[in-house]
Amino acid sequence: MATVTFDKATRIYPGSTKPAVDALDIEIADGEFLVLVGPSGCGKSTSLRMLAGLEDVNGGAIRIGDRDVTHLPPKDRDIAMVFQNYALYPHMTVADNMGFALKIAGVNKAEIRKKVEEAAKILDLTEYLDRKPKALSGGQRQRVAMGRAIVREPQVFLMDEPLSNLDAKLRVSTRTQIASLQRRLGITTVYVTHDQVEALTMGDRVAVLKDGLLQQVDTPRNMYDKPANLFVAGFIGSPAMNLVEVPVADGGVKFGNSVVPVERDALSSTSDKNVTVGVRPEHFDVAGADSDQGVAVVVNVVEELGSDAFVYGTAQIGGEAKDLVVRVGGRDVPEKGSTLHVVPRPGETHVFSTSTGARLSD
Ligand SMILES: Nc1ncnc2c1ncn2[C@@H]1O[C@H](COP(=O)(O)OP(=O)(O)OP(=O)(O)O)[C@@H](O)[C@H]1O
Ligand SMILES: [Mg+2]
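Here the residue index of a chain counts from 1 through its sequence in written order. Ligands are numbered from 1 and chains lettered from A, in the order in which they are written. For a predicted model such as this one, the threshold for reporting local features is a pLDDT of at least 70, and the threshold for listing and counting side-chain atom pairs is 80 or more; totals across whole chains, interfaces and linings nevertheless cover every residue. Based on all heavy atoms of the structure, the side-chain values leave hydrogens and waters out of the count.

Student: Any chance you could explain the packing of helix H2 (residues 94–104) against helix H3 (residues 109–123) here in plain terms?
Tutor: The description of two helices packed together rests on the angle between their axes and the distance between the axes. Interaxial angle, 0 to 180 degrees, is taken between N-to-C directions of lines fitted to C-alpha atoms, where a helix line uses only the stretch in contact. Strands here mean DSSP runs of E at least two residues long; helices mean DSSP runs of H or I at least four residues long; both are numbered from the N terminus. Between H2 and H3, the least distance of the axes is 9 Å, while the angle of their chain directions is 130 degrees. One way to sum up the angle between H2 and H3 is to call them oblique. Between H2 and H3 lies a crossing of right-handed hand. Where H2 abuts H3, its residues Ala-95, Met-98, Gly-99, Leu-102 and Lys-103 lie against Ile-112, Arg-113, Lys-115, Val-116, Ala-119 and Ala-120. Only Asp, Glu, Lys and Arg are considered charged, only Ala, Val, Leu, Ile, Met, Phe, Trp, Tyr, Cys and Pro nonpolar, and every remaining residue, Gly among them, polar. Tallied by class, the residues present in the contact of H2 with H3 amount to seven nonpolar, one polar and three charged. Here is the rule for angles: anything less than 35 degrees is roughly parallel, anything more than 145 is roughly antiparallel, 65 through 115 is roughly perpendicular, and the remaining ranges are oblique. Handedness of a helix crossing follows the sense of rotation of the near helix relative to the far helix, less than a right angle counterclockwise being left-handed and clockwise being right-handed. By definition in these notes, contact holds between two residues if any of their heavy atoms fall within 4.5 Å.

Student: When you look at the packing of aromatic side chains in this model, what are you seeing that I'm missing?
Tutor: The description of an aromatic ring pair uses the distance of the two centres, along with the angle that the planes make with each other. Think of it this way: a Phe, Tyr or Trp ring, Trp meaning its six-membered ring, pairs with another when their centres are within 6.5 Å, and the plane angle makes it stacked under 30 degrees, edge-to-face over 60, tilted otherwise. A complete count under the given rule lists four aromatic pairs for this structure. Their ring planes at 35 degrees and their centres at 6.2 Å tell us that Phe-255 and Phe-284 sit as a pair that is tilted. Within this pair, whereas Phe-255 is found in strand E12 (residues 252–255), its partner Phe-284 is found in strand E15 (residues 284–287), the two being separated by 29 residues in sequence. Relative accessibility decides the category of a residue: with a 1.4 Å probe and only protein chains considered, values under 20% of the type maximum give buried, values over 50% give exposed, and everything between is partly exposed. For Phe-255, a relative accessible area of 1% corresponds to the buried category. Classification of Phe-284 as buried rests on a relative accessible area of 3%. We call a charge positioned over a ring when the NZ of a Lys or the CZ of an Arg lies within 6 Å of the ring centre and within 35 degrees of the ring normal. The side chain of Arg-280 reaches across the aromatic face of Tyr-224, ending 3.7 Å from its centre.

Student: What am I meant to see in the site of ligand 1 here?
Tutor: Whether a residue is near a molecule or strand depends on its heavy atoms: if one lies within 4 Å, it is near. Taken together, Tyr-13, Ala-20, Pro-39, Ser-40, Gly-41, Cys-42, Gly-43, Lys-44, Ser-45, Thr-46 and Glu-161 make up all the residues around ligand 1. Between an oxygen atom of ligand 1 and a main-chain N or O atom of Cys-42, the distance comes to 3.3 Å. When isolated, ligand 1 has an accessible area of 640 Å², and the protein chains bury 54% of it. Split by residue class, the shell around ligand 1 holds four nonpolar, five polar and two charged. Polar contacts, as used here, are pairs of N or O atoms within 3.5 Å; protein pairs need one atom able to donate a hydrogen and one able to accept it. Residues neighboring in sequence count only if both atoms are side-chain atoms. In these tables, accessible area is a Shrake-Rupley quantity obtained with a 1.4 Å probe, and a residue counts as shielded only by the protein chains included in the view.

Student: Would you mind going over the domain arrangement of the protein chain with me for this structure?
Tutor: Note on interface size: it is often stated as the accessible area lost on association of the parts. Annotation comment: domain bounds sourced from an automatic or database domain assignment. Here the protein chain is described as being made up of domain 1 (4–231) and domain 2 (239–353). Measuring from the centre of the C-alpha atoms in domain 1 to the corresponding centre in domain 2 gives 39 Å. Contacts between the two partners involve six residues from domain 1, matched on the other side by eight residues from domain 2. Defined in terms of a 1.4 Å probe, buried area is the accessible area two parts forfeit on being brought together, summed over both. Contact between domain 1 and domain 2 buries roughly 560 Å² in total, counting both sides, with carbon and sulfur atoms accounting for 62%. Only one rule defines a salt bridge in this text: a Lys or Arg side-chain nitrogen within 4 Å of an Asp or Glu carboxyl oxygen. Taken together, the links from domain 1 to domain 2 amount to zero salt bridges. Counting residues per element, the side of domain 1 that touches domain 2 draws most heavily on helix H7 (residues 220–225), at three residues. Of the residues belonging to the side of domain 1 that touches domain 2, the class tally is four nonpolar, one polar and one charged.

Student: In this structure, what is going on with the pairing of strand E10 (residues 213–218)? I would like to understand it.
Tutor: Regular strands have side chains that alternate between both faces of the sheet. Pairing of strand E9 (residues 205–210) with E10 involves five bridges; the strand directions are antiparallel. Within the sheet, the bridge partner assigned to Val-206 lies in E10 and is Asp-218. Two strands are said to pair when DSSP picks up at least two bridges between them.

Structure follows, in structure tokens:
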């Protein structure tokens, strides 16, 4: 049973003045699957390594349960880590690889065998226990690395991009396995990825980092529906949310010929003449050709996915050409070069301050 708390945890690497992780504040519940996500260099691995004890903490604290582990060596933290490069010992069998940490800890052979067999059963590795890693597929090797962590029965699992060595298809199936395994074991897990789809599909909650600063920590649903700022809005979701700078109008903001309603209070918090409106590709309604609502989009490229399609086009908004992405039904695909009238769906728009990036709409 363990909660994990980052309490304004800060890491400043020697020789640097800017923190790689700046006052990170997250409380992770017992048994929760928390995903740290963000672009390369934003401080994900550093955060995880601080929790693991592999990186000094220069400010703030880290707690596991009610233990302050800020300055404890890694071995005293009761954690197990799975890395991107899972580095199995090539000369050892799968069973020996999985039991190695227990052997080092002086656990007796029979006990090790029992734990390894249990883990192998959970991971569907029983028939491979006597093989060497080189005789396994990438996905199986990844599961052995998971097994190594599981046999230790830690209070917390830490995983740093554990799927990045797998091909696209295997990543999808393995991410489901890891997520369901974690739920079954109920072990608090902090998982690092740069892939926002992985983050949304696996996490109970997702924490988005940028330049060492926490942007938002929320459930996948809230993160998608109510991104806290422009960065999160653009980062979460694929294809990305359409973000267009538009003038403030009466009762809302003007988006082509449509007015996107925004509560008066929200707009009064900004003195900007312009704000940024966000509309996800699936939140446009296609209107008839004679519609005087919304904007006219000239179709440049259509990406067909079978079930639906993404239209990449250009619209004139506020006298400027803007690229927009619109999702349409797979069987209602417009011709390249044609014009599509799209209207942002009421209640599905987002408004942000252009100057600060902060969310203005509720
Ligand atoms: N040992 C180190 N010494 C100095 N700077 C470091 C060190 N390790 C990382 N950094 C810097 O700290 C910042 C955060 O690095 P970190 O490895 O945590 O990023 P990340 O989010 O894990 O990125 P990626 O997705 O590429 O793995 C980066 O600017 C990086 O250059
Ligand atoms: Mg990293």
